[in-house]
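# Remarks on the overall topology
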Amino acid sequence: MSTPVIGVLALQGDVREHLIALAAADAVARAVRRPEELAEVDGLVIPGGESTTISKLAHLFGMMEPLRARVREGMPVYGTCAGMIMLADKILDPRSGQETIGGIDMIVRRNAFGRQNESFEAAVDVEGIGGDPVEGVFIRAPWVESVGAEAEVLAMHEGHIVAVRQGNALATSFHPELTGDHRVHGLFVDMVRANRTPGSL
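First, a word on scope: everything that follows refers to the structure included in this document.

Glancing now at helix α6 (residues 183-196). The first and last C-alpha atoms of α6 sit 20 Å apart over 14 residues, in line with the 20 Å expected at 1.5 Å per residue. Along α6, the residues classified as buried are Val184, His185, Gly186, Leu187, Phe188, Val189, Met191 and Val192.

This is the structure we're talking about:
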């Protein structure tokens with residue numbers, strides 16, 4: 001089976017780190033800024049950054065509707081931090097004019113764990129990832145207030161939901177791309193591979 005091609009939405013945020021992590025997890029990683037580049041990938045990572053800025057730039061680059069269409073069609077997608085917010089069907093406290101791509105039936109709260117100077121690291125047990133807990137880097141991180149019936153909670157921290165999966169969509173509050181531990185990216189690469197294989201689960 002050929003190596004999956006996975007894009008990283010390169011409008012704003014920690015794009016380079018995701019490209020490195022995906023390559024380490026045996027994917028071909030590409031920066032994606034335009035609809036024609038989106039059409040060429042098997043899956044997509046939406047990186048951390050500033051969710052309001054990503055939303056505005058997605059409109060500016062003509063990406064918002066193509067992104068929504070690909071996610072509706074079942075393209076595997078993984079969002080970290082701001083990317084989690086972008087994949088939420090609803091934001092509890094949106095900025096004026098802020099929009100999301102959607103794809104996961106969840107309500108998120110922006111900056112729920114505090115401001116930049118309250119950033120922290122914590123060990124997180126993630127469902128589906130064996131071995132030691134994942135080291136979660138939380139930077140102005142959101143948390144998930146609630147999920148719908150089809151969304152599966154994969155991880156909690158201090159009573160708050162910090163990782164969710166719904167079908168081909170995966171989201172984490174934290175930044176695994178900053179730790180050198182590529183197991184979460186490996187999980188996503190496996191999701192992309194499964195989506196490309198007829199008859200796979």
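On we go from here.
Counting buried residues in strand β1 (residues 5-9) gives 5 out of 5 residues, a clear majority hidden from the surface. Where burial is concerned, the two faces of β1 agree: the one with Val5, Gly7 and Leu9 and the one with Ile6 and Val8 are both buried. Both β1 and strand β2 (residues 28-32) contribute to a ladder of 5 bridges, which runs parallel. Paired with Val5 across the two strands is Val28, which belongs to β2. Remark: the β1/helix α1 (residues 15-24)/β2 crossover connection has right-handed handedness. Where β1 lies against strand β3 (residues 43-46), 3 bridges are found, and the strand directions are parallel. Looking at β3, one finds that Val8 is bridged to Val45.

It is worth spelling out the nonpolar core at this point. Leu9, Leu38, Leu44, Ile46, Ile104, Met106 and Val108 are the most contacted members of the largest nonpolar core, which has 33 residues in total. Looking at this core, the element that brings in the most residues is helix α5 (residues 82-87), giving 5 residues. Aside from chain neighbours lying at most four places away, what touches Leu44 is Ile6, Gly7, Val8, Leu9, Val32, Leu38, Leu67, Met75, Pro76, Val77, Tyr78 and Phe188. Core analysis: the next-biggest nonpolar cluster, separate from the first, contains 31 residues, Ala25, Ala27, Ala112 and Leu154 among them.

Parameters at a glance
- Residues numbered from 1 in each chain as written.
- Predicted model: local features only at pLDDT ≥ 70, side-chain atom pairs only at ≥ 80, totals over all residues.
- Heavy atoms only, no water.
- Helix = DSSP H or I, 4+ residues; strand = E, 2+ residues; numbered from the N terminus.
- Expected span 1.5 Å × (residues − 1).
- Buried < 20%, exposed > 50% of the residue type's maximum accessible area, 1.4 Å probe, protein only.
- Pairing = 2+ DSSP bridges.
- Right-handed = clockwise from strand over helix to strand, strands pointing away.
- Core = buried A, V, L, I, M, F, W, Y, C linked by side-chain atoms within 4.5 Å.
- Contact = heavy atoms within 4.5 Å.

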